[in-house]
Amino acid sequence: MDECIFCKIASHSIPAYVVSENDEVMAFADINPATKGHILVIPKSHATNLFDIEEASFIKVLSLAKRIARVMPEVLGCSGINLFHSAGKIAWQEVMHFHLHIVPRYRREELQRPFVSTPANKTELKEIALRLSRKLSNK
Ligand code: 5GP
Ligand code: ZN
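If you're wondering where the values come from, they're calculated on a predicted model, not measured in any experiment.

J.: What is the right way to read the site of ligand 1 from this model?
T.: Residues in close proximity to ligand 1 total 15 residues, the closest being Ala29, Asp30, Glu94, His99 and His101. Residue Ala29 places a main-chain N or O atom 2.9 Å away from a nitrogen atom belonging to ligand 1. If you list the elements that add at least two residues to the shell around ligand 1, you get helix 1 (5-10) and strand 2 (25-29). Top element by residues in the shell around ligand 1 is helix 1. It accounts for three residues. Across the shell around ligand 1, the residue classes break down as nine nonpolar, four polar and two charged.

As structure tokens, this is what we get:
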């Protein structure tokens, strides 16, 4: 992926503040941090998002994210973490190379919750669960 900014970071063609890397994954500081210590974890091999990333690659990204998250309270003084991923432009994804955000949290008020939850329609919940469950059983 010649034009992909995160492929360029993965190959060290452009600089980043790297936290950890091996042949398959890399973690580096987000250039516009939501909070102090906001880190991105990527697979080095290009995938767009959760829809197309290989499971083995996804597990390696998750594993590195967990290792980083575990040391954040001690290193940064945060008391919590938000882990998030946007898949697709409609879901706010801007960089089209898979990345997991690790956002350290210091105060509840520092960020806005991105969604407002509303009480469920139970019939709809049942139908959705059934449809997804049936599809998974067929795979
Ligand atoms: P998205 O909105 O796609 O989930 O998140 C993309 C993230 O990548 C943003 O938080 C943005 O600040 C970060 N970002 C975009 N370009 C660069 C870059 O060139 N270097 C680094 N370190 N982060 C970047
Ligand atoms: Zn890429």
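On we go from here.
J.: For this particular structure, what's the right way to read the packing of aromatic side chains?
T.: The description of an aromatic ring pair rests on the distance of the ring centres and on the angle between the ring planes. A complete count under the given rule lists two aromatic pairs for this structure. Measuring from centroid to centroid gives 5.3 Å for Phe6 and Phe28, while their planes differ by 80°, and the two rings are edge-to-face. Of this pair, Phe6 sits in helix 1 while Phe28 sits in strand 2, and the two are 22 residues apart along the sequence. A relative accessible area of 7% places Phe6 in the buried class. Considering the side-chain rings of Phe58 and Phe98, the 5.9 Å spacing of their centres and the 75° angle between planes classify their relative orientation as edge-to-face. Linking Phe58 in helix 2 (residues 55-76) with Phe98 in the loop between strand 4 (80-84) and strand 5 (100-105), this pair joins segments that are 40 residues apart in sequence. Take Phe98: its relative accessible area is 0%, and that puts it in the buried class.

Definitions and cut-offs
- Residues numbered from 1 in each chain as written.
- Chains lettered and ligands numbered in written order.
- Predicted model: local features only at pLDDT ≥ 70, side-chain atom pairs only at ≥ 80, totals over all residues.
- Heavy atoms only, no water.
- Near = heavy atom within 4 Å.
- Polar contact = N/O pair within 3.5 Å; in protein donor to acceptor, adjacent residues only side chain to side chain.
- Helix = DSSP H or I, 4+ residues; strand = E, 2+ residues; numbered from the N terminus.
- Nonpolar A, V, L, I, M, F, W, Y, C, P; charged D, E, K, R; others polar.
- Phe/Tyr/Trp six-rings, centres within 6.5 Å; stacked < 30°, edge-to-face > 60°.
- Buried < 20%, exposed > 50% of the residue type's maximum accessible area, 1.4 Å probe, protein only.

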